[in-house]
Amino acid sequence: MKARPYPGWITRLFIFAMTALAATGMMQMPLAKRYFISEIPGLSWTADFFIVHKLHYIFAILLLFVVALVVVHWLRDWRKQLALSTLGRTRVIILGGLIISGCLRVFRNLPNVTLNPDIVVTIEWVHLALTMVMGGVALAALIRKQSAYARKP
Ligand code: HEM
């Protein structure tokens, strides 16, 4: 992994939050029971929708914290010293879509909120599709050794 021009702990926290969100998102579908992951000793909780749902919310809060930290740093000084790479910019856009669609899903889950079923399905598909696209782009960035979002111009 190439040295990044920003603190490593931010990268590690971001990767942790994204991996945990992808995993708990998949478990909500629910894939853990279908593929017998929940049969593995110690992993029975992966089939409990309410546990993985709450975990997804907790990791979403962590992700929003990391993103807010980066945005503030970016606006204050990083934008003067760093430039987003092409794959970095692509992932920022996908991440924005994931956060917006995720927040819309949270809104849809609120009691007393009733949305048109077509809108609900669209939000669900956008969130899931963006997860897949993010995985693909992240893999491409890793293979091309361009996983850093920003670099010194
Ligand atoms: C602010 C960030 C996020 C919020 C608020 C959020 C929220 C949600 C909610 C509410 C659900 C639906 C749970 C239900 O069935 O009621 C969901 C599903 C899911 N999320 Fe997220 N999410 C966020 C970020 C992410 C990220 C970054 C990923 C992937 C890296 C991800 C992957 C998934 C997946 C795979 C599902 C299940 C598939 C689906 O039904 O669309 N989420 N998320």
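This one's a predicted model, so the numbers in the text were calculated from it and none came from an experiment. (Residues numbered from 1 in each chain as written. Predicted model: local features only at pLDDT ≥ 70, side-chain atom pairs only at ≥ 80, totals over all residues.)

Q: Describe the overall build of the chain, and please don't skip the residues or the numbers.
A: Looking only at helices and strands, the chain has 5 helices and 2 strands in total. In the chain, the order of α-helices and β-strands from amino to carboxyl end is α-α-α-β-α-α-β. Overall, the chain is about 45 × 40 × 25 Å in size when its C-alpha atoms are taken along their principal axes. Within the chain, the fraction of its 153 residues that count as buried is 16%. Considering only residue pairs separated by 6 or more positions, the chain has 75% of its internal contacts joining residues 24 or more positions apart. (Helix = DSSP H or I, 4+ residues; strand = E, 2+ residues; numbered from the N terminus. Buried ≥ 20, exposed ≤ 12 C-beta atoms within 10 Å, placed from the backbone. Contact = placed C-beta atoms within 7 Å.)

Q: Break down the nonpolar core for me, with residues and values.
A: Ranked by size, the top nonpolar core spans 10 residues in total: Ala 17, Met 18, Leu 21, Met 27, Ala 32, Val 52, Leu 55, Phe 59, Ala 60 and Leu 63. At the level of secondary structure, the elements contributing two or more residues to this core comprise α1 (8–27) and α3 (49–81). In terms of residue count, α3 provides more of this core than any other element does, 5 residues in total. Sequence-distant contacts of Val 52, defined by excluding residues within four places in its chain, comprise Thr 24, Met 27, Gln 28 and Thr 46. (Core = buried A, V, L, I, M, F, W, Y, C linked by C-beta atoms within 7 Å.)

Q: Mind laying out the domain arrangement of the chain, listing which residues take part and the relevant values?
A: Domain boundaries in the chain define domain 1 (1–81) and domain 2 (83–153). Measuring from the centre of the C-alpha atoms in domain 1 to the corresponding centre in domain 2 gives 13 Å. If you look at the interface, domain 1 gives 9 residues, while domain 2 gives 8 residues. If you list the elements that add at least two residues to the side of domain 1 that touches domain 2, you get α1 and α3. Taken together, the residues of the side of domain 1 that touches domain 2 break down into 5 nonpolar, 2 polar and 2 charged. (Domains from an automatic or database assignment. Nonpolar A, V, L, I, M, F, W, Y, C, P; charged D, E, K, R; others polar.)

Q: Tell me about the site of the ligand, and name the residues and values.
A: Around the ligand, the surrounding shell holds 24 residues, and the nearest of these are Gly 25, Ala 60, Gly 102, Arg 105 and Leu 128. Listed by contribution, the elements that provide at least two residues to the shell around the ligand are α1, α3, α4 (86–109) and α5 (117–143). With 7 residues, the single largest contributor to the shell around the ligand is α4. Here the shell around the ligand is built from residues that sort into 14 nonpolar, 8 polar and 2 charged. Per-domain counts for the shell around the ligand show at least three residues from each of domain 1 (1–81) and domain 2 (83–153). (Near = placed C-beta within 6 Å.)

Q: Report on α5, specifying residues and quantitative values.
A: Taking 1.5 Å per residue as the helical rise, α5 with its 27 residues ought to reach 39 Å, and the 39 Å between its terminal C-alpha atoms agrees with that figure. Positive phi shows up at Lys 145, right after α5, with a value of about 55°. (Expected span 1.5 Å × (residues − 1).)

Q: Would you mind going over the packing of α1 against α3 in detail, with residue names and values included?
A: Following both chains from N to C, one finds α1 and α3 inclined at 150°, their axes separated by 9 Å at the closest point. Looking at the two axes, α1 sits roughly antiparallel to α3. α1 and α3 meet at a crossing whose hand is left-handed. Contacts between α1 and α3 pair Ile 10, Leu 13, Phe 14, Ala 17, Met 18, Ala 20, Leu 21, Thr 24, Gly 25 and Met 27 from the former with Val 52, Leu 55, His 56, Phe 59, Ala 60, Leu 62, Leu 63, Val 66, Leu 69 and Val 70 from the latter. For the contact of α1 with α3, the residue count by class is 17 nonpolar, 3 polar and no charged. (Axes fitted to C-alpha atoms, helices over the stretch in contact; angles between N-to-C directions. Parallel < 35°, antiparallel > 145°, perpendicular 65-115°, else oblique. Left-handed = near helix turned anticlockwise from the far one by under 90°.)

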